[in-house]
Amino acid sequence: MWSAFTMSNTHLRLLMLVLVAAACNACHYGQPARISRRAAAVESCRVTVNWNHVTAVSKTAPTLQVVVNPPLRRGSAIHDRVFQALHGLGADDVRYVPWLPYPKLAVAELEPPAHGKASWDFSLIDPMMEDFMNATAGHSVIINFSTIPQWMWKTRAPVSYPADPNQVDWRYEQGSELVDPSMKQIGDYYARLVSWYTQGGFRDEYGHEHTSGHHYKIPYWEVLNEVDFEHQMTPQFYSHIYDAIVGAIHRVDPKVKFVGMALADPSDEPQFFEYFLNHKNHKPGIPLDMISYHFYASPAADEPPSSWPFTFFNQAERFVTTVRYIQAIRERLSPETDTDADELGAILPGDPQGKLPIANSYWNLCSALYAYLYGNLANLGVQVTGESQLVGYPSQFPSVSMVNWTTGQPNARFWTLKLLHDHFGPGDKLVASQTSLPYIYAQGFITPDGKRAVLLANERNRPFTINIPGAAGGQEEYVDQTTSEQPPAATALSSDTFTLRGFGVAVVTFGSSY
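Definitions and cut-offs
Residues numbered from 1 in each chain as written. Predicted model: local features only at pLDDT ≥ 70, side-chain atom pairs only at ≥ 80, totals over all residues. Heavy atoms only, no water. Buried < 20%, exposed > 50% of the residue type's maximum accessible area, 1.4 Å probe, protein only. Helix = DSSP H or I, 4+ residues; strand = E, 2+ residues; numbered from the N terminus. Pairing = 2+ DSSP bridges. Right-handed = clockwise from strand over helix to strand, strands pointing away. Axes fitted to C-alpha atoms, helices over the stretch in contact; angles between N-to-C directions. Left-handed = near helix turned anticlockwise from the far one by under 90°. Contact = heavy atoms within 4.5 Å. Nonpolar A, V, L, I, M, F, W, Y, C, P; charged D, E, K, R; others polar. Lys, Arg positive; Asp, Glu negative; His and termini not counted. Salt bridge = Lys/Arg side-chain N within 4 Å of Asp/Glu carboxyl O. Polar contact = N/O pair within 3.5 Å; in protein donor to acceptor, adjacent residues only side chain to side chain. Phe/Tyr/Trp six-rings, centres within 6.5 Å; stacked < 30°, edge-to-face > 60°.

### Focus: the pairing of strand β2 (residues 61–67)
Judged by how many residues are buried, β2 sits mostly within the fold: seven of seven residues are covered. Examined bridge by bridge, β2 and strand β11 (residues 384–387) share four bridges and lie parallel to one another. Residue pairing for β11: Pro-62 is matched across the bridge by Thr-385. Alignment of β2 against strand β3 (residues 94–97), held across three bridges, turns out to be parallel. Bridge pairing in β3 links Gln-65 to Arg-95.

### With respect to the pairing of β3
Going residue by residue along β3, you find Val-94 and Tyr-96 tucked away on one face and Arg-95 and Val-97 tucked away on the opposite face as well. Once the chain exits β2 it traverses helix α2 (residues 79–89) before rejoining the sheet at β3, and the crossover so formed is right-handed.

### A look at the packing of helix α5 (residues 184–198) against helix α6 (residues 235–252)
Where α5 contacts α6, the axes come no closer than 8 Å and their chain directions differ by 35°. α6 is crossed by α5, and the crossing has right-handed handedness. Every residue of α6 that contacts α5 at Ile-186, Gly-187, Asp-188, Tyr-190, Ala-191, Val-194, Ser-195 and Thr-198 is listed here: Ile-241, Ala-244, Ile-245, Ala-248, Ile-249 and Val-252. Here the contact of α5 with α6 is built from residues that sort into ten nonpolar, three polar and one charged.

### Regarding the sheet that holds strand β4 (residues 141–143)
Around the barrel, which closes on itself, the eight strands sit in the order β2-β3-β4-β7-β8-β9-β10-β11 with parallel pairing between neighbours. On average, adjacent strands in this sheet sit at an angle of 30° to one another, irrespective of strand direction. Running at roughly 155° to strand β8 (residues 257–263), α6 makes contact with β7 (220–223) and β8 of the sheet.

### Topic: the side chain of Asp-340
In this structure, Asp-340 sits in strand β10 (residues 338–346). Salt bridges are absent for the buried Asp-340, whose nearest opposite-charge side chain, Arg-95, sits at 5.7 Å. Reaching out from Asp-340, the side chain makes a polar contact with the backbone nitrogen of Asp-342 at a distance of 3.2 Å. With residues up to four places along the chain from it excluded, the contact list for Asp-340 reads Ile-142, Met-290, Ile-291, Ser-292, Tyr-293 and Val-384.

### As for the packing of aromatic side chains
For the structure shown, the criterion picks out 35 aromatic pairs. Ring geometry for Tyr-374 against Phe-424: centres 6.4 Å apart, planes inclined by 25°, an arrangement best described as stacked. Of this pair, Tyr-374 sits in helix α9 (residues 360–379) while Phe-424 sits in the loop between α10 (412–423) and β12 (429–435), and the two are 50 residues apart along the sequence. Note on accessibility: Tyr-374 and Phe-424 belong to one class, buried.

Listed below in C-alpha cells is the structure:
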C-alpha cells in the first residue's frame, strides 16, 4: 500500500510539472498565452517604499552610446529618423565611437606619412561626426576614436583594409607592439585628431596646414576601447599609452577631460583597476577624471529563449556586485575619479552577424534589464549608465540595437531610456524600497523639486498585479510589449493596484496630494 501510494503521488507530481511546462511554453517569446476558462490568478506583488529613508543621492545620468556604422551615413534609409530620435532624447554624456570594423569611417590617417606627404582624410568621417554633434548640441558628449592606425603597430606584413567604406572588416586591428615605443607617434595622431575638431585644423607631420573649420567643445575624450581585448594590452602598457595620449591632447586643448580603460570584462580584470587608478603609475599632472567599463548579458548558444530572463538578471546581479568592488578600489586609490558604465546591454549568440528574426519581446527583456541596472548603479554612485547601442544591424550586432535597423524607428530599449531620462537624473534622492516578489524590481526616487516616483521593472515574461500604497491619484507611464516601437504610454491611476505586463518597465509618479 505505501509503495503504491508513493508511486501515485510521484505520477501526480510529474503530471503537474508537465502541465506547468505546457503553460510556460504557451508564454514563449512572441506567443500569447492561451487563457483557459479557469486561468490561474495573476500573482500579486506589494511594493513598499520608505520615503523617509534616503539610501543615496543620485549622480547618475541615463544615456547611450552611438557606434559608427554605415546606416548612420547620410543618404541611408534610416539616417534622418535615427538622428531625429537622438536629438529628441536630449541625453547628456552620449558616447560616440568610430571603431575598427570600418577603417575608412574610423581612422583619419590610414597610411603612414612618406615622401613628404601625409594621408590625412576626414571626408568620410566628418559627415557623421557633424551630424552627431548637431543632434547632441547643448549636451555633453564623450568622444572615442578608438582605433589606432594599423601602421603604428608591428605586424609580419602590412594590414590592408577594404576599399568600400561600408564593408565590415574584423581583421584590421592586429599587433601588440607599437612601432614607436616612445609613444610620441600615437600621441601626435590623437593631438591632431582633437585639433581638427576643436581648434579648426592642424599641421601634419611635414608642416602642411589642414583646415577643418570645426570648433566643437568636447568635454570628455575616452582613450581607446576594450583594451583588455583589443591589442591584448596589460595595465602597464595601457597606462603608458593613456599618459601619452592625454598629455598630447592636453597641449592642444587643456579643457578636455578624459575617460580611461573602457574594459570589456571588468569582473576578470581587478589588476587593471588596482594599477590604473594608482596615481603613482602615471606621469605627474596626468588626470584620472573618469574610468569606464562594460556589461553585456549573454545566454549560452544552446539556451532556450524561455530561460534568457533568468540568465540575464543573474548575470546582471553579479555585475552589480563587481561594480561594488570596483567602487571600493576607486574610493581607496582615486576617490575624485568618476565612473562611466558606458556599454550596457545584451548580446545574443550569432552576433555580430546575428541570428534572425529576433522576437519583439527580446527588446522588452533588454529594457527591463537596463532599468534594473540603472537603479542599482545609481545606488552605487556611478555617474554614467550608457545603454548600448543606438544602431546595430546584421553584421554589426543586431541584438544590441536600440532602433529598428530597417525603418529607423526606436524600439522598446530606446523608449525605456527616454522614460528614465525624462524622470530621473543627478540630484534625485533614492529611498529604501522593497518588493514582495524577487523578480519585480522597484526603486523609489524623490526628485530635487520634491516629486515622488517609483521605477518598476518586471524580470519575467508574465503579468503581475502591483500594489503601491499611495499610488492612487498618480500616473503610470510604461514601456511593454503592447507599446512595441511606440513611445511610452500613460494612464491615470485610480487605485493603488495596477498591472505590470511581462518585461514591462514603468514609472509611477505620485499625485501632489500624497
